[in-house]
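Coordinates in review
Each chain, letter by letter, is given below.
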Amino acid sequence: MEDVKALQLFQQIITTTKKGRIKWEPTADESEYFCVLPGPIIASIRSWRERDSWGNDEEPLALTLRAEDKELLRVTPDVDGVQVAGLRELYELARRQALGVNAQVDRLLGELAKL
Amino acid sequence: MFASWASIGGLIFSALAFLFSKRASKAAEEARDSVLARSLGQDMNEANRTAAEIVRFVSMERGDMALLRVGELLNEASYSMTRWDARLPAQSKTNLLRAREQLLSIHEVLTRRTLPELSSAQKSRLAQSCQQVNLIFSEEYGTAVKAADRVG
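Note that the structure is a prediction, hence the values are computed from the model and not measured. (Residues numbered from 1 in each chain as written. Chains lettered and ligands numbered in written order. Predicted model: local features only at pLDDT ≥ 70, side-chain atom pairs only at ≥ 80, totals over all residues. Heavy atoms only, no water.)

A word on the environment of A:Glu58
Residue and element names in this part refer to chain A. As for its position among the elements, Glu-58 is in strand β5 (residues 57–58). Along the backbone, Glu-58 and Gly-20 are 38 residues apart, and their C-alpha atoms lie at a distance of 29 Å. Apart from the residues within four sequence positions on either side, Glu-58 is in contact with Trp-48, Arg-49, Glu-50 and Asp-52. (Helix = DSSP H or I, 4+ residues; strand = E, 2+ residues; numbered from the N terminus. Contact = heavy atoms within 4.5 Å.)

Shown next as structure tokens:
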């Protein structure tokens, strides 16, 4: 499916996340993270488990944008130019930022260096 | 001669009347702002109490009661965001949106499974999310009270 706007937005969100300018937050669901973007627009990235028609377990991902409780856009690998790897990268970046993983790893590295 | 004194007196009287009406209108405006600020504070206080109840119910593993309060707080948050849209600072609007997003995820988790069915990691994540909502409403309550104090 061709959706130039969705692709552009996805790329912009991933770039801005890498720069650390988006504050992702954890939710009550272990596999969902969200952030408030200007607008205000809520962006959330979620992964879930499902079984395909061959009986194989899959873990699809989707980035959703909502405003005033209405879904504006859903970015999945169905959008031309959006790869599963790209969505997985954004999910991992959001997770790490939301849970403060990098800061904790840095602290641990510091402690390990003292041993 | 008398006419010119009368006109000067009239002028002074008009100036005084203008001054008093200005002061009265300013006082009325301040009183209105004060009532509105207190009312915002009351709304945030109630939301803060409901959020604290959610934390308590989740820690007591009373998912059914927590779910009821989450529904109530979602309504309260939506009401506050609409009711106080013109008066809330940008940061407060963002905070209320963040709280609503957390509440939606709490609602989803509590609807999908009962609390005893959750793993300890899932319970911990749920508890953190509830605590985050409570924290946001506590801060917003504080901000509203501070604004009310400033207004008078």
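Thoughts on the interface of chain A and chain B
Facing 16 residues of chain A, the contacting portion of chain B comprises 18 residues. Surface buried jointly by chain A and chain B totals about 1500 Å² across both partners, of which 49% is contributed by carbon and sulfur atoms. Across the contact surface, chain A and chain B share five salt bridges. The residue A:Asp29 makes a salt bridge to B:Arg112 at a minimum N-O spacing of 3.3 Å. Every element with two or more residues in the side of chain A that touches chain B is listed here: β1 (25–26), β2 (32–37) and β3 (41–47) of chain A. Ranked by residue count, the leading element in the side of chain A that touches chain B is β2(A), at four residues. (Buried area = accessible area lost by both parts, 1.4 Å probe. Salt bridge = Lys/Arg side-chain N within 4 Å of Asp/Glu carboxyl O.)

Brief notes about the confidence of the model for chain B
All names here are of chain B. Looking at chain B, pLDDT values average 88 and 88% of them are 70 or higher. Within chain B, helix α1 (residues 2–59) has the poorest average pLDDT of any element, 80, and helix α3 (residues 90–112) the best, 96. Two numbers describe this predicted complex: its pTM, 0.82, and its ipTM, 0.86. (pLDDT = per-residue confidence, 0-100.)

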